[in-house]
Amino acid sequence: MPILVSVNPANGISVPSRVSSPVIDIADLYKTYASGLRRRKVHALRGVDLQVSRGEALGILGPNGAGKTTLLKVLLGIVHPTSGSARLFGQPAGDPKARRRLGYLPENHRFPTYLTARQTLDVYGRLSDLSDEARRERIPRLLGDVGLASWEDTRVGKFSKGMMQRLGLAQALLSQPEVVILDEPTDGVDPVGRRDIRDRLRALKQTGTTVVINSHLLSEIELVCDRVLIMHKGRIIRSGTVDELARQGSGWRVEVDRLVPLFEPERWSASLEETGRAIVVEDGLPETLNALIDHLREEQVQIMGIERHRASLEAGFIDLITSQEDAS
Amino acid sequence: MTTLSGSLLLTFRELWAMRLTQAMLVIASLAWLLLSFALNMDVVEGSLAAVRIFGFDTTPTDGVFNEDTGEWMSQALSLDKFMIGINTFVFGAAYFLGTLLGLFATMPLINGFLEYGRIDLLLSKPLSRPRLLAGHLVGVWLTVLVLSSYLVGGVWLSLSFKTGVWMPMFLMAIPIITVMFAVMYAVILSFSIITRSSGLGLVITYGLIFFSIVLASHNQIVPVLSNTNAAIFMAFYHVLPNFIEVVGVQAQLVEGTVVTSWYPFISSLLFGFVTYGIGFFWFSRRDF
């Protein structure tokens, strides 16, 4: 599939995207909040450009206050942009017609505690303009899918955080949306529940549903998303596939039987693993690796193995954010 | 239409889940059960010869001196006056207590509606903001209409069957209570939307109700004020809701006399329209 690269002239960040008509199209989006009596300005979004294609799974990462939730809220029409444009299915974000094809799970969502799980989905199904027939058919099925079938007549007030998240996910999927936007979907969910939610999201992806996830759990994004955005202080500072982002800082991992005496990691741009049995060469240059091997062999060190070191998405994320913090 | 039904259903369920709504239904039931079974009246030639509550005679025993005949006579109550008295009492209780308690009861409703995590979920649904707010409002208004109809209608039926005196104008209490509640609800709702504090909204609403007691005495107060102060006072009188004076409108309706002025009711209604307009505007514009 051809790749479109759009570049934000303000920051020079390129944002690759598949060419098919984007379901989400954001251009030069700014959002500034004024807070307090002195109307102190907080720049939540500063010139965000983004296109998301049909069927894509996009993960949004960033530290607290990066503007991730604001970005999603602008898309949903919950927050009004200060300038720029945000379009869903070609219609301006905030247009109720566009939201008909969308499912949303907000962060820290609250359902009325006096409703049962079934009643909750019934009310939100009505609000999504679902017919009686569609609600009758989908509600029990979805409750089963998220593992709440036996809790359908229990009041939501008695649910644990994890159960609330599952119910929230069922609510987001109730209208069989073409785009699902999830803000911290596995927050408070136990590991088994997280796996179930991930499986559910993968299955959604396979059906061609566009999935946008905002999460602090980088491993989750890594496992579900095709593409990742990293936001910092209201800007997209990096965008690419998980592999592209994880490759940042890749190098070599050399496993040894023992470490040579007086080994100087800084000489090789290397670090030692905690086990003391492996050296990680950060710069990834073959010359450095070869020089290291020569040195190790001279010192009679047995090389047990050499492999390409792939930094995790988390490591890439932390490096990027740290470098941004240092730069500013 | 389905989206609106969802919004209505959510409001109804929330109101029903509140104990105060259920308590109001119980109180209304007790009120007309009391009038049906505990209140006994002996009506002789259109006059009330005896009134008993729970079997205890409460007929006035004091004699009345008839100046024409120069004799002391036993006091007989006019049935119509008795009915007007009872109806006015029920209206007053429903109007004041019902509105004050009702506004208090809706505070958590508004809190819940505007709460983060709830409002963003509602706003993500395919209905416009004015429609969402309208669904909430209609739900509240209908609930108040049902509660006031249940109380006033029940009392009216009970008394009318018992006495044979039918005073249909008493039923005007239903729209008056509902509309005036809606007017005062406009204040609490709009202030809650603007400030995101339903507590502040409630304080301001109660403040306006109590200030309307002062405004109702405008005929006595204005003459003692300077021209400037009198103009300011009358500006408040015309702009703010005249919650107290509306009681006079209902009293005249029940008595069957001509209503001397609908102005307090109409100006309150206009105040409600403007306040709802501000609330809707702000709700449509603000970020959540």
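Residues numbered from 1 in each chain as written. Chains lettered and ligands numbered in written order. Predicted model: local features only at pLDDT ≥ 70, side-chain atom pairs only at ≥ 80, totals over all residues. Heavy atoms only, no water.

### Description of the overall build of chain B
The helix and strand tally for chain B stands at 11 helices and 6 strands. Counting all 288 residues of chain B, 46% fall into the buried class. A separation of at least 24 residues holds for 73% of the contacts in chain B among residues at least 6 apart in sequence. For chain B, the accessible area works out to roughly 13600 Å², and carbon and sulfur atoms hold 71% of it. (Helix = DSSP H or I, 4+ residues; strand = E, 2+ residues; numbered from the N terminus. Buried < 20%, exposed > 50% of the residue type's maximum accessible area, 1.4 Å probe, protein only. Contact = heavy atoms within 4.5 Å. Areas by Shrake-Rupley, 256 points an atom, 1.4 Å probe, with all protein chains shown as cover.)

### Notes on the sheet that holds strand β6 (residues 83-88) of chain A
All names here are of chain A. If you walk across this open sheet you meet the 4 strands as β4-β3-β6-β7, and the pairing is antiparallel. The sheet is open, and its two borders are formed by β4 (40-52) and β7 (91-92), each paired with just one other strand. The strands touched by helix α1 (residues 68-76) are β3 (24-35), β4 and β6; relative to β3, the strand with the most contacts, the crossing angle is about 110°. (Pairing = 2+ DSSP bridges. Axes fitted to C-alpha atoms, helices over the stretch in contact; angles between N-to-C directions.)

### Here we look at unusual backbone geometry
All names here are of chain A. The phi torsion at D129 lies on the positive side, around 65°, for a residue other than glycine. Note that D129 resides in the loop between α3 (117-127) and α4 (132-145). The backbone of K233 shows a phi angle near 50°, a positive value even though the residue is not glycine. Within the element layout of this structure, K233 appears in the loop between β11 (227-232) and β12 (235-241). Note on K233: relative accessible area 39%, which makes it partly exposed.

### Focus on the interface of chain A and chain B
With 31 residues of chain A in contact, the opposing surface of chain B contributes 29 residues. Of the roughly 2700 Å² buried between chain A and chain B, counting both surfaces, carbon and sulfur atoms make up 58%. Between E115 of chain B and R110 of chain A there is a salt bridge, and its shortest N-O distance comes to 3.4 Å. Across the chain A-chain B interface, the total number found is 21 residue pairs in polar contact (both at pLDDT 80 or more). At 6 residues, the largest contribution of residues to the side of chain A that touches chain B is made by α3 of chain A. Here the side of chain A that touches chain B is built from residues that sort into 15 nonpolar, 7 polar and 9 charged. (Buried area = accessible area lost by both parts, 1.4 Å probe. Salt bridge = Lys/Arg side-chain N within 4 Å of Asp/Glu carboxyl O. Polar contact = N/O pair within 3.5 Å; in protein donor to acceptor, adjacent residues only side chain to side chain. Nonpolar A, V, L, I, M, F, W, Y, C, P; charged D, E, K, R; others polar.)

### Points about the packing of helix α3 (residues 79-114) of chain B against helix α7 (residues 198-216) of chain B
Residues and elements named next belong to chain B. The interhelical angle for the contact between α3 and α7, taken along N-to-C directions, is 160°, at an axis separation of 9 Å. Taken together, α3 and α7 sit at an angle that is classed as roughly antiparallel. As for how α3 packs across α7, the hand of that crossing is right-handed. Mapping the contact onto sequence places T99, L100, L103, F104, M107, I110 and N111 in α3 and S198, G199, L202, T205, Y206 and I209 in α7. The residue inventory of the contact of α3 with α7, partitioned by class, reads 8 nonpolar, 5 polar and no charged. (Parallel < 35°, antiparallel > 145°, perpendicular 65-115°, else oblique. Left-handed = near helix turned anticlockwise from the far one by under 90°.)

### Focus on the pairing of β4 of chain A
Residue and element names in this part refer to chain A. In the sheet, β3 pairs with β4 via 10 bridges, with the strands oriented antiparallel. Paired with I24 across the strands is V52, a residue of β4. Taken together, β3 and the strand that follows it, β4, pair antiparallel across an intervening segment of 4 residues, in which G36 is found at a positive phi of about 80°.

### A short note on the environment of D49 of chain A
Residues and elements named next belong to chain A. Here D49 lies in strand β4. Sequence spacing of D49 and R235 is 186 residues, and the spatial spacing of their C-alpha atoms is 8.9 Å. Within the structure, D49 has its side chain in polar contact with the backbone nitrogen of D28 (distance 3.1 Å).

### A few points about the packing of aromatic side chains
Taken as a whole and assessed by the stated rule, the structure comprises 16 aromatic pairs over all chains. Among the aromatic residues, those joined into a cluster by ring pairs are F91, Y95, F96 and F243 of chain B. Over the aromatic face of F89 of chain A sits the side chain of R101 of chain A, whose NZ or CZ is 4.0 Å from the ring centroid. Positioned over the ring face of F288 of chain B is R286 of chain B, at 5.5 Å from the centre of the ring. (Phe/Tyr/Trp six-rings, centres within 6.5 Å; stacked < 30°, edge-to-face > 60°. Lys NZ or Arg CZ within 6 Å of the ring centre and 35° of its normal.)

### Considering helix α10 (residues 313-327) of chain A
Residue and element names in this part refer to chain A. Over its 15 residues, α10 runs 21 Å from end to end, which matches the ideal 21 Å to within 8%, given 1.5 Å per residue. Within α10, the full set of buried residues consists of L313, G316, F317, L320 and I321. In a view along the axis of α10, the buried residues occupy a sector of 125°, so they form one face of it. On its buried side, α10 packs onto β5 (57-61), α7 (218-224), β11, β12 and α8 (242-246). (Expected span 1.5 Å × (residues − 1). Arc of directions from axis to C-beta.)

### A short note on the environment of S268 of chain B
For S268 of chain B, the location among the structural elements is in helix α11 (residues 263-285). S268 of chain B has contacts with M180, V183, P241, N242, F243 and V246 of chain B, leaving out every residue within four places of it along the chain.

### Overview of the confidence of the model for chain A
All names here are of chain A. Of all residues in chain A, 90% have pLDDT values of 70 or greater, and the mean over the chain is 84. Across residues 1-12, where pLDDT falls below 50, the model places 28 contacts with residues more than four positions away in sequence or in other chains. Here residues 14-19 is modelled with pLDDT under 50, and outside its nearest four sequence neighbours on either side it reaches 30 contacts, counting other chains as well. (pLDDT = per-residue confidence, 0-100.)

### Brief notes about the confidence of the model for chain B
Here chain B averages 86 in pLDDT, and 89% of its residues register 70 or above. Here strand β5 (residues 71-74) of chain B stands out as the least confident element of chain B, with mean pLDDT 60; α11 of chain B is the most confident, with 95.

### Overview of the pattern of salt bridges
Residues and elements named next belong to chain A. Per the counting criterion, the structure on display carries 21 salt bridges over all chains. Here R135 and D122 are joined by a salt bridge, their closest N and O atoms 2.7 Å apart. Remark: D122 occurs in helix α3 and R135 occurs in helix α4; sequence separation between them is 13 residues. Overall, D122 belongs to the buried group, its relative accessible area being 17%. Between K161 and D187 there is a salt bridge, with the nearest N and O atoms lying 3.1 Å from each other. Pair noted here: K161 is in helix α5 (residues 161-173) and D187 is in the loop between β9 (179-183) and α6 (191-206), with a separation of 26 residues, a long-range link.

### Description of α3 of chain B
The end-to-end C-alpha distance of α3 of chain B, which contains 36 residues, comes to 50 Å, matching closely the 52 Å that a straight helix rising 1.5 Å per residue would cover. Of all the bends in α3 of chain B, the greatest measures close to 30° and is centred on G98 of chain B. (Bend = angle between axes of the 7 residues up to and from the residue.)

### Details of the nonpolar core
Across soluble globular proteins, nonpolar side chains have a tendency to be buried as a group. Core analysis: the biggest nonpolar cluster contains 153 residues, and Y185 and F283 of chain B have the highest contact counts within it. The element contributing the most residues to this core is helix α6 (residues 173-195) of chain B, with 15 residues. Core analysis: the next-biggest nonpolar cluster, separate from the first, contains 14 residues, A270, I279, I293 and V301 of chain A among them. (Core = buried A, V, L, I, M, F, W, Y, C linked by side-chain atoms within 4.5 Å.)

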